[in-house]
Amino acid sequence: MEDKAKRSLGGKLAVWVFWIYCAWFTWSLLNDIWLPGPPSGNSSGVRGTTSTDGFNSFSSVLVLGVVGAILGAIAWYTRPRDPDA
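Report follows, based on the coordinates. Treat the numbers as computed from the prediction; the structure is a model and nothing was measured.

## Digging into the packing of aromatic side chains
Here is step 1: As enumerated under the stated definition, the model contains 2 aromatic pairs in all.
Here is step 2: Summarising the aromatic geometry, the rings of Phe 18 and Trp 19 are spaced 5.4 Å apart at their centres and angled 65° between planes, so their arrangement reads as edge-to-face.
Here is step 3: Residue classification places Trp 19 among the exposed positions, given a relative accessible area of 54%.
Here is step 4: Arranged with centres 5.8 Å apart and planes meeting at 45°, the rings of Tyr 21 and Trp 24 form a pair that is tilted. Taken together, the residues Tyr 21 and Trp 24, both in helix 1 (residues 9-33) and 3 residues apart, mark about one turn of the helix.
Here is step 5: Overall, Trp 24 belongs to the partly exposed group, its relative accessible area being 41%.
Here is step 6: Between Arg 79 and the ring centre of Trp 76, over which it is positioned, the NZ or CZ distance is 4.1 Å.

Thresholds, definitions, all that
- Residues numbered from 1 in each chain as written.
- Predicted model: local features only at pLDDT ≥ 70, side-chain atom pairs only at ≥ 80, totals over all residues.
- Heavy atoms only, no water.
- Phe/Tyr/Trp six-rings, centres within 6.5 Å; stacked < 30°, edge-to-face > 60°.
- Buried < 20%, exposed > 50% of the residue type's maximum accessible area, 1.4 Å probe, protein only.
- Helix = DSSP H or I, 4+ residues; strand = E, 2+ residues; numbered from the N terminus.
- Lys NZ or Arg CZ within 6 Å of the ring centre and 35° of its normal.

By themselves, these observations are geometric and do not establish any function.
Below is the structure:
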């Protein structure tokens, strides 16, 4: 009978943290895009707030994507490996 490679406790924790982060990232992205709400400051005729809101959304997606890539790399690095390799 073959022994399957098993993930360590730290590896399991890394995978759980990665998937929870992915769910939170998706919720955050949908919250920024799908439910943006009324534009802030447009009622007074101030220009440029839409581009500022777009930049804030883009920068938050960029930062959250980098953090997700780091967590994904940690989860991948702690994957179970074949003991014979």
